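What follows is the residue order along each chain.
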Amino acid sequence: MINAEDLVGRLLLKVTTSWHHYPETEPSLLHMWLHMDGLGPVRFHTPGDGLSLEIDQPHGPYDMDEYGHTTVEDDLPDFPMTRFIGQRILSVREIRYQRDDYDFAVGIAVQFPEGTIRILNLADEIVLARDRRLGPVEEHLHEATTPTSQDASP
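My aim in this report is to walk through the structure given alongside it, one point at a time. (Residues numbered from 1 in each chain as written. Predicted model: local features only at pLDDT ≥ 70, side-chain atom pairs only at ≥ 80, totals over all residues. Heavy atoms only, no water.)

**Examining the environment of Val 72**
Move 1: Tracing the chain through its elements places Val 72 in strand 6 (residues 69-74).
Move 2: Classification of Val 72 as partly exposed rests on a relative accessible area of 25%.
Move 3: When the C-alpha positions of Val 72 and Met 32 are compared, they lie 9.6 Å apart, and in sequence the two are 40 residues distant.
Move 4: Residue contacts for Val 72: discarding those within four places in its chain leaves Thr 16, Thr 17, Ser 18, His 59, Gly 60 and Pro 61. (Helix = DSSP H or I, 4+ residues; strand = E, 2+ residues; numbered from the N terminus. Buried < 20%, exposed > 50% of the residue type's maximum accessible area, 1.4 Å probe, protein only. Contact = heavy atoms within 4.5 Å.)

Take a look at the structure:
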């Protein structure tokens, strides 16, 4: 595991994604790797409620029999992170889900020179949000007011 703050000051070189394909449904994002200078590929994963970051090489495509298959893609032109390739990460802020007695980290907001993107674990799915609201869950998401100095996992 690495801390989200380890990304600050690093240049994004490439984005690799793996997608789960199940018959008659839209593909869902399974993993995302941000290839960072000086770190290598950082895998974003959703174990439980938090967001896990670790140095790990992308896996290849594989078949899941009756449960579909996975594909692996590099630098998809319409993928939200791809627009930040070639930019340095300026800051990272933790995002927490807070509602009643619940309070836990669900992701990070990553600031680049040309904008900020939120990377979240919502219901065990990696969700990327740039210029969109996420519906009713939005009122429970709270971004730290200062850059994070801790890992984004609970």
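**Considering the nonpolar core**
Move 1: Leu 7, Met 32, Phe 44, Met 81, Ile 108 and Ile 119 are the most contacted members of the largest nonpolar core, which totals 26 residues.
Move 2: Breaking this core down by element, the ones donating at least two residues are strand 1 (12-21), strand 2 (28-36), strand 3 (40-45), strand 8 (102-112), strand 9 (115-122) and strand 10 (125-129).
Move 3: Sorting elements by how many residues they give to this core places strand 2 first, with four residues.
Move 4: The next biggest cluster of nonpolar side chains, apart from the first, holds eight residues, and it includes Val 106, Ala 109, Leu 120 and Leu 122. (Core = buried A, V, L, I, M, F, W, Y, C linked by side-chain atoms within 4.5 Å.)

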